[in-house]
Each structure stands twice: as C-alpha cells, then as structure tokens.
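Read off the chains here:
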Amino acid sequence: MSLISDNLQAVLSDIRRTELQYGRPASSVRLLAVSKTFGTDAIIEAARCGQRAFGENYLQEALDKIAFLKQSVPEFTLEWHFIGPIQSNKTKPIAEHFDWVHSVDREKIAHRLSEQRPPDYPDLNICLQVNISGEDSKSGVSPDDVLVLAERISGLPKIRLRGLMAVPAPVTDFVAQREAFQRLHALQNQLIARGISLDTLSMGMSSDIHAAIAEGSTMVRIGTGIFGSRNYAK
Ligand SMILES: *Cc1c(COP(=O)(O)O)cnc(C)c1O
C-alpha cells in the first residue's frame, strides 16, 4: 500500500473512532481531502482508495488540476470544494468548476456566485466562513454579522446555503480548541432557530480534528494528515 492510501485509511478510522467516542452518529462526519499544493498523482491515488471530495485554496492551481483530472481519469467523478480566499473578480470560474464553496464571507460574493452559476448546473453549495477567533488578519464574517448575511443570501437562486465554516486561531490545548468550535456550533444553532435550514459545519483540520468532531463537525478538511507536509517553495 502507498503512503497516501495508508494515511487515508488511518484518517478515516480515526474519524469513525472519534465519532463513537463523542456519541456522534456513525458516518456523520465527512472527510474533505485538502489537496492544495499536491499534484494530480496524489489526488488520483486518493481517488483510487475511494476518496471523492477534494478541497483546494488557490484558484488557478485548482482549475488546472480539475481540467487535467477530468481528461485523464474520467472514471472518477470528483467533488470539488473551494476553501480559499475569494477575490470578487474570480467568482465566475469558481461558480463554473466547483460543487461547494466554503469561504463565502460577504454578500457581494454570494450574489456573484448566484448569478454566475450556469443555469443547467445543480445549485452551488456554500458555507459562510466565520472569523470565530476574531483575528484581525483572518478572512471570514464577524460572528455578529452572520445572521444578517445568511438572511440576505439564503433566498438567492442557484446557490444553496449549507452551513458555516471556520479556521480558528491555532492553539494546541484541546479545551481551547473545543471552545472555538463550540462557538461556531452555537452560532449555527442560532441561525437554525431563526428558520434558516443548515446541515453542514465545516470545521476541523489535521491538528484539531478531534476537538471539531467532539463539537459537532460534519465535515473535516484534512490536508497534511493525508498527503504529508506541504512544500510551498516548489
Ligand atoms: C490548508 C487548509 C486545510 C488543511 O489543513 P491541514 O492542517 O493540512 O489539515 C483546511 N482548511 C483550510 C481552509 C485550509 O486552508
């Protein structure tokens, strides 16, 4: 077995074990394999092991890989998730080539994705990215503004608001990790109480996956744990 297939199996068993440990229903947490900076060979290897959902941060890199894979392995129907910062002049290729966008954090972006999603495509699934730790440098809507944003965009055609996403400030303490995820979950519950139907909490990366599952994550975004460490210099 290859390293990627070993890692993938280990991450999946870890997810199943952690669901059990925290009383989460079996298979309530989906795995998004974050393939940014890794080549199409790595993605094909993961796809051969059954992985279908892949997350990318950098638009041009993602578009190149998506086009190549469509050509070279048409037998795999892959699901593409955009999880990086979005420039408003780059929404069209996102609306045309992705199935999910996790990083919507302003109304303008949602409007553009809604208008630019091709009419014959299924609705684009979106999550609102929340700046849950209140960091100045982070993208994401402030927790205070999430409800208004969600209400404004939830009726737009061709996009479907599925839930919330966050990348909390990195901390190693498990209790502190849980605390940030717990706040995101509470925010999601507030929106649901206001009549917005949501089913996705996109939270948890390689270093905080257990805390995220403990606090109700439905989709963990794992890069390093599957593909190894990233080399940005390449
Ligand atoms: C890179 C990235 C991940 C994956 O992080 P790992 O620590 O490698 O698991 C998840 N989510 C977002 C938004 C990312 O940018």
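As the structure is a computational prediction, the values presented were derived from the model and not from experiment.

The rules we used
Residues numbered from 1 in each chain as written. Predicted model: local features only at pLDDT ≥ 70, side-chain atom pairs only at ≥ 80, totals over all residues. Heavy atoms only, no water. Near = heavy atom within 4 Å. Polar contact = N/O pair within 3.5 Å; in protein donor to acceptor, adjacent residues only side chain to side chain. Areas by Shrake-Rupley, 256 points an atom, 1.4 Å probe, with all protein chains shown as cover. Nonpolar A, V, L, I, M, F, W, Y, C, P; charged D, E, K, R; others polar. Buried < 20%, exposed > 50% of the residue type's maximum accessible area, 1.4 Å probe, protein only. Helix = DSSP H or I, 4+ residues; strand = E, 2+ residues; numbered from the N terminus. Pairing = 2+ DSSP bridges. Right-handed = clockwise from strand over helix to strand, strands pointing away. UniProt positions renumbered as here; feature names shortened; annotations may be inferred. Contact = heavy atoms within 4.5 Å.

1. A closer look at the site of the ligand
With respect to spatial proximity, 13 residues lie near the ligand, and among them Lys36, Asn57, Ser206, Thr224 and Arg230 are the closest. For the ligand, an oxygen atom lies 2.5 Å from a polar atom in the side chain of Ser206. When isolated, the ligand has an accessible area of 390 Å², and the protein chains bury 89% of it. The class makeup of the residues in the shell around the ligand is 6 nonpolar, 4 polar and 3 charged.

2. Looking at the pairing of strand β4 (residues 100-104)
With respect to burial, β4 is a largely interior element, 5 of its 5 residues being buried. The sheet contact formed by β4 and strand β5 (residues 124-129) spans 3 bridges and is parallel. Considered in β5, the bridge of Val104 is made with Leu128. For the segment spanning β4, helix α5 (residues 107-116) and β5, crossover handedness is right-handed.

3. Here's the deal with the UniProt feature "modified residue: N6-(pyridoxal phosphate)lysine" (unreviewed entry) in the protein chain
UniProt records the feature "modified residue: N6-(pyridoxal phosphate)lysine" (unreviewed entry) at Lys36, using the numbering of this structure. Within the element layout of this structure, Lys36 appears in the loop between β1 (30-34) and α2 (40-48). Using a relative accessible area of 11% as the deciding quantity, one classes Lys36 as buried.

4. Points about the side chain of Ser88
One can find Ser88 in the loop between β3 (79-82) and α4 (91-97). One polar contact links Ser88 to Lys108, side chain to side chain, over a distance of 3.4 Å. Look past the residues within four positions of Ser88 in its chain and what remains in contact with it is Arg106, Lys108, Ile109 and Arg112.

5. Observations concerning α5
Every α-helix winds through 3.6 residues per turn, so residues three or four apart in the chain are directed the same way. Those residues of α5 that fall on the buried side of the exposure criterion are Ile109, Ala110, Leu113, Ser114 and Gln116. Looking at the buried residues of α5, the elements they touch are α4, β4, β5, α6 (146-153) and β6 (159-165).

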